[in-house]
Amino acid sequence: MTGGEENSDGGKTDFHVLVVDDSTVVRMVHRMLITSLGLKVQEAKNGKEVVDLHINGAYFDLIFMDMEMPIMNGPTATRELRAMGVKSNIIGVTSCTFESAHKDFIEAGLNHCVSKPLTIAMISSFLPDSNNK
Amino acid sequence: MGVFGFEKGFVDNQFTQLQKLRDESSPGFVVEVVSLFFEDCEKLVNNMAKALEQQIVDFKQVDSHVHQLKGSSSSIGAARIHNVCIAFKTCCEDQNRDGCVRCLQQVNHECIQLKNNLQTLFKLEQQIVAAGGSIPAMQ
């Protein structure tokens, strides 16, 4: 499959998370945080990879989308996903502290926007109360 | 064990959180992600140095490198590097070449310091584990 790497840990749930960021370091950290919660996680390096994954039929319960990425940035990718009818929970993740940047990103179709760094507490707050138990 | 780094502000809670993960899943994770971070850092510093040496500096380019470093340093909890990046971004926005050069020197300095401190930390941890001990989780 182009773009993503499946990291199946035989997790406790069927909850699928997608991490989108152009930084390898950031993707690695976010992947470890999410995996430690027993969730399945896939990665994408930019907005175009995310869109392509969805065109190829992938579905994710939760998407963490970086704002600034080459080729296709977070806001553009979010707009495209929503236009395609993707209803997943999309959380914007950004290093930018300007309120206006958060606002634009949210208007692109996010459910919520948070500042880096992602923490376990933050990730947990976006999980449903019970995951296919 | 990591207290000295934490107390001097080299690393913050994010780093502690990652260390806790290390105990529960992949043991080499922290060393791996930290090594990756320093490789990334070196590349970005070199790119920024080249950009700042040009007759006409492309501050947008420099800013995008700083942005990358800001994101990765905050993700691993490299607090001091992250703080320099904040100041560095302001210099880029102001198109202040001298300011940028000073910030770059500071980033370089902080990277070297952090690298040395973490290498010491990892060596100590290895010795503890080799001697049959275990590393206490930091609160």
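Residues numbered from 1 in each chain as written. Chains lettered and ligands numbered in written order. Predicted model: local features only at pLDDT ≥ 70, side-chain atom pairs only at ≥ 80, totals over all residues. Heavy atoms only, no water.

- Looking at an unreviewed UniProt entry, chain B carries the name Histidine-containing phosphotransfer protein, with the source organism given as Salix udensis.
- Taken verbatim from the UniProt record of chain B, the Function (unreviewed entry) comment is "Functions as a two-component phosphorelay mediators between cytokinin sensor histidine kinases and response regulators (B-type ARRs). Plays an important role in propagating cytokinin signal transduction." (UniProt positions renumbered as here; feature names shortened; annotations may be inferred.)

- Per an unreviewed UniProt entry, chain A carries the name Response regulatory domain-containing protein and comes from Salix udensis.

1. A short note on the environment of B:Val84
Residue and element names in this part refer to chain B.
Part 1 of the reasoning: Note on placement: Val84 falls in helix α5 (residues 79-93).
Part 2 of the reasoning: For Val84, a relative accessible area of 6% puts it in the buried group.
Part 3 of the reasoning: Once the C-alpha coordinates of Val84 and Lys70 are considered, the two residues, 14 residues apart in sequence, prove to be 8.6 Å apart.
Part 4 of the reasoning: In this structure, Val84 is in contact with Cys103, Gln106, Val107 and Glu110, ignoring residues within four places of it in sequence. (Helix = DSSP H or I, 4+ residues; strand = E, 2+ residues; numbered from the N terminus. Buried < 20%, exposed > 50% of the residue type's maximum accessible area, 1.4 Å probe, protein only. Contact = heavy atoms within 4.5 Å.)

2. Considerations on the packing of aromatic side chains
Part 1 of the reasoning: As enumerated under the stated definition, the model contains two aromatic pairs over all chains in all.
Part 2 of the reasoning: When the ring of A:Phe64 is compared with that of A:Phe126, the centres are 6.2 Å apart and the planes differ by 65 degrees; the resulting orientation is edge-to-face. With A:Phe64 in strand β3 (residues 62-66) and A:Phe126 in the segment after α5 (120-125), the pair connects residues that are 62 residues apart, well separated along the chain. One exposure class covers both A:Phe64 and A:Phe126, and it is buried.
Part 3 of the reasoning: A cation over an aromatic ring shows up here: B:Arg80 above the ring of B:Phe10, its NZ or CZ 4.4 Å from the ring centre. (Phe/Tyr/Trp six-rings, centres within 6.5 Å; stacked < 30°, edge-to-face > 60°. Lys NZ or Arg CZ within 6 Å of the ring centre and 35° of its normal.)

3. Here's the deal with the sheet that holds strand β1 (residues 16-20) of chain A
Residue and element names in this part refer to chain A.
Part 1 of the reasoning: With parallel pairing, five strands are arranged side by side in an open sheet as β2-β1-β3-β4-β5. If you trace the sheet from one side to the other, it starts and ends with β2 (40-44) and β5 (112-115), each paired once. Across this sheet, the average inter-strand angle for adjacent strands is 20 degrees, counted without regard to direction.
Part 2 of the reasoning: Pairing geometry for β1 and β3, over four bridges, is parallel. Along β3, the bridge assignment pairs Val17 with Leu62.
Part 3 of the reasoning: Sheet strands in contact with helix α2 (residues 47-55) are β1, β2 and β3, and its direction is about 150 degrees off that of β1. (Pairing = 2+ DSSP bridges. Axes fitted to C-alpha atoms, helices over the stretch in contact; angles between N-to-C directions.)

4. Considerations on the pairing of β2(A)
Residue and element names in this part refer to chain A.
Part 1 of the reasoning: Among the five residues that make up β2, five are buried, leaving the element largely enclosed by the rest of the structure.
Part 2 of the reasoning: Sheet topology places β1 next to β2; five bridges connect them, and they run parallel. Across the sheet, the residue bridging to Val20 is Ala44, located in β2.

5. Observations concerning the side chain of B:Gln19
Part 1 of the reasoning: Turning to its location among the elements, B:Gln19 is positioned in helix α2 (residues 13-24).
Part 2 of the reasoning: A distance of 3.3 Å separates the side chain of B:Gln19 from the side chain of B:Glu125, its partner in a polar contact. (Polar contact = N/O pair within 3.5 Å; in protein donor to acceptor, adjacent residues only side chain to side chain.)

6. Remarks on helix α3 (residues 74-83) of chain A
All names here are of chain A.
Part 1 of the reasoning: Regarding α3, the residues found buried are Gly74, Pro75, Ala77, Thr78 and Leu81. Along the axis of α3, the buried positions cluster into a sector of 165 degrees, meaning they face one direction only.
Part 2 of the reasoning: Residues of α3 that are buried make contact with α2, β3, β4 (89-94) and α4 (99-107). (Arc of directions from axis to C-beta.)

7. Quick look at the interface of chain A and chain B
Part 1 of the reasoning: On the chain B side, the residues contacting the 19 residues of chain A number 20 residues.
Part 2 of the reasoning: Here chain A packs against chain B, burying approximately 1,700 Å² in sum over the two surfaces, 68% of which is carbon and sulfur.
Part 3 of the reasoning: Considering only the surface of chain A that becomes buried against chain B, A:Val25, A:Met28 and A:Met32 emerge as the three largest contributors, covering 34% of it.
Part 4 of the reasoning: Here chain A is connected to chain B by zero salt bridges. (Buried area = accessible area lost by both parts, 1.4 Å probe. Salt bridge = Lys/Arg side-chain N within 4 Å of Asp/Glu carboxyl O.)

8. Re the UniProt feature "modified residue: 4-aspartylphosphate" (unreviewed entry) in chain A
Residue and element names in this part refer to chain A.
Part 1 of the reasoning: Using the residue numbers shown here, the UniProt feature "modified residue: 4-aspartylphosphate" (unreviewed entry) corresponds to Asp66.
Part 2 of the reasoning: Note on placement: Asp66 falls in strand β3.
Part 3 of the reasoning: Ignoring any residue separated from it by four or fewer positions in sequence, one finds Asp66 in contact with Val20, Asp21, Asp22, Gly74, Val93, Phe105 and Lys116.

9. Notes on the pattern of salt bridges
Residue and element names in this part refer to chain A.
Part 1 of the reasoning: All told, the structure shown has 10 salt bridges over all chains when counted by the stated rule.
Part 2 of the reasoning: Here Lys40 and Asp14 are joined by a salt bridge, their closest N and O atoms 3.4 Å apart. Separated by 26 residues along the polypeptide, Lys40 in strand β2 and Asp14 in the segment before β1 bring together distant segments of the chain.
Part 3 of the reasoning: Its relative accessible area of 15% is what places Lys40 among the buried residues.
Part 4 of the reasoning: When its relative accessible area of 47% is taken as the criterion, Asp14 is described as partly exposed.
Part 5 of the reasoning: Note that Glu43 is salt-bridged to Arg31, the shortest N-O span being 2.4 Å. In this pair, Glu43 is assigned in strand β2 and Arg31 in helix α1 (residues 24-35), connecting sequence segments 12 residues apart.
Part 6 of the reasoning: One network of salt bridges, with partners in common, ties together Asp21, Asp66 and Lys116.

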